Amino acid sequence: MQTHKNRVAVVSGAAKGIGQELAIQLAQRGAALALLDIADLSQTCALIEEVGGKAIAIHCDVSQEADWIAAGELVKNQYGRCDILVNNAGIYPNVHFDDLEFKTWRRTFEINLDSMFLSAKVFVPMLRANGWGRIVNVSSTSIVTNAVGVSHYMATKMGVIGFTRGLANDLGKDFITVNTLAPALTATPGTSHIPDAVRDGIVNLQAFKRMAVPNDMVGPMLFLTSEDAQFVTGQVLAVDGGMMKTC
Ligand SMILES: NC(=O)c1ccc[n+]([C@@H]2O[C@H](COP(=O)([O-])OP(=O)(O)OC[C@H]3O[C@@H](n4cnc5c(N)ncnc54)[C@H](O)[C@@H]3O)[C@@H](O)[C@H]2O)c1
């Protein structure tokens, strides 16, 4: 299904994990991709080529304003437009508060939260020029768990929700939607070190008693970035196998 045909999508953190899976499936649905990461993007590019898609790889540290400005120029030169921005890159160093240093706190904020502001500054004008746009910012359902060693991470991921809601209000006049996707613990290279007992404790809070995989996140992201989500903005979509129950 070519649900994203003729769309240009920017996905950060696309070298692996959730971002890689999303990028491949956006390409399968007809979008042209700009892949951003500090890691090597050649595997994602090859997988996109395999499914007949189109992608450019951009080395971008999402915490750096200059990198976002350069990425914006590259996207403009290559595609002439941007329709979809997915802020997926993130880090989750596990450090108990007793050992947490300010530099780790700051770095987590720079990558997980400053990046949302910096990317919007660069890409919102391009979305606005289309009179159409979709922004998805990735948070985490860890914010409702009793996970230990992630106070700095939880702070950034709550910040993502606050920023997303405010940005959705500001961009309503432009008919640009801005939503948060909050994944549950998901099996990616970034979570491969998590002890079985911690994983089982989290999975046990879910209605579905299995750990999520990247593909579980993709369908909801495809929806939020599609035409079908035209009246959905400022929302948090928890993709967590039934852990959070809100109304
Ligand atoms: N995997 C989970 O259990 C889980 C749960 C909830 C939320 N999340 C969130 O989902 C997102 C993706 O998680 P994942 O598990 O796929 O991660 P991952 O660690 O497997 O991949 C993250 C990607 O982001 C890139 N990245 C890291 N720092 C960067 C920077 N400064 N600039 C550019 N790219 C950078 C990495 O190189 C990597 O390719 C993150 O925002 C994470 O916080 C993940």
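Heads up: these notes are all about the structure in this document. (Residues numbered from 1 in each chain as written. Predicted model: local features only at pLDDT ≥ 70, side-chain atom pairs only at ≥ 80, totals over all residues. Heavy atoms only, no water.)

Remarks on the layout of surface pockets
Going by this rule: We place a 1 Å grid over just the protein atoms. Points where a 1.4 Å probe fits but has no way out form a cavity, open points with protein on both sides within 12 Å along at least 5 of 7 lines form a pocket, and any residue with an atom within 4 Å of a point lines it. Grid points are joined across faces, edges and corners, and a volume is the space filled by probe spheres set on the points. Put simply, DSSP marks the helices as runs of H or I at least four residues long and the strands as runs of E at least two long, and each gets a number from the N terminus on.
Space inside the largest pocket adds up to approximately 1100 Å³. Contributing to the lining of the largest pocket are 46 residues, with Gly90, Ile91, Tyr92, Tyr153 and Thr191 lying nearest its centre. In terms of residue count, the dominant contributor to the lining of the largest pocket is helix H1 (residues 17-28) (three residues).

Quick notes on helix H3 (residues 65-79)
Operational definition: Helix span is expected to be 1.5 Å times the residue number reduced by one. Each residue gets one of three labels from its accessible area relative to the maximum for its type: buried under 20%, exposed over 50%, partly exposed in between, using a 1.4 Å probe on protein chains only. When we speak of the arc, we mean the arc of directions from the helix axis to the C-beta atoms. Contacts are assigned to residue pairs that have any heavy atoms within 4.5 Å of one another.
Taking 1.5 Å of rise per residue, 15 residues should cover 21 Å, and H3 covers 21 Å from first to last C-alpha, within 8% of that figure. Every buried residue of H3 is listed here: Trp68, Ala71, Gly72, Val75 and Tyr79. On an axial view of H3, the arc spanned by its buried residues comes to 105°, and they lie on one face. Along H3, exposed side chains directed more than 90 degrees from the buried face belong to Ala66 and Asn77. Check the buried side of H3 and you find it contacts strand E1 (8-12), strand E2 (32-37), strand E3 (54-59), strand E4 (84-87) and helix H4 (102-130).

A closer look at the nonpolar core
As a reminder, the rule being used: Side-chain atoms within 4.5 Å link the members of a nonpolar core, which is a set of buried Ala, Val, Leu, Ile, Met, Phe, Trp, Tyr and Cys residues.
Counting 30 residues, the largest nonpolar core has Val10, Leu36, Ile58, Trp68, Val75, Phe123 and Ile135 as its most contacted members. Of all the secondary structure elements, the ones that give two or more residues to this core are E1, E2, E3, H3, H4, helix H5 (151-171) and strand E6 (176-183). Top element by residues in this core is H4. It accounts for eight residues. Listed in part, the 28 residues of the second largest apolar core include Leu26, Leu35, Val86 and Val218.

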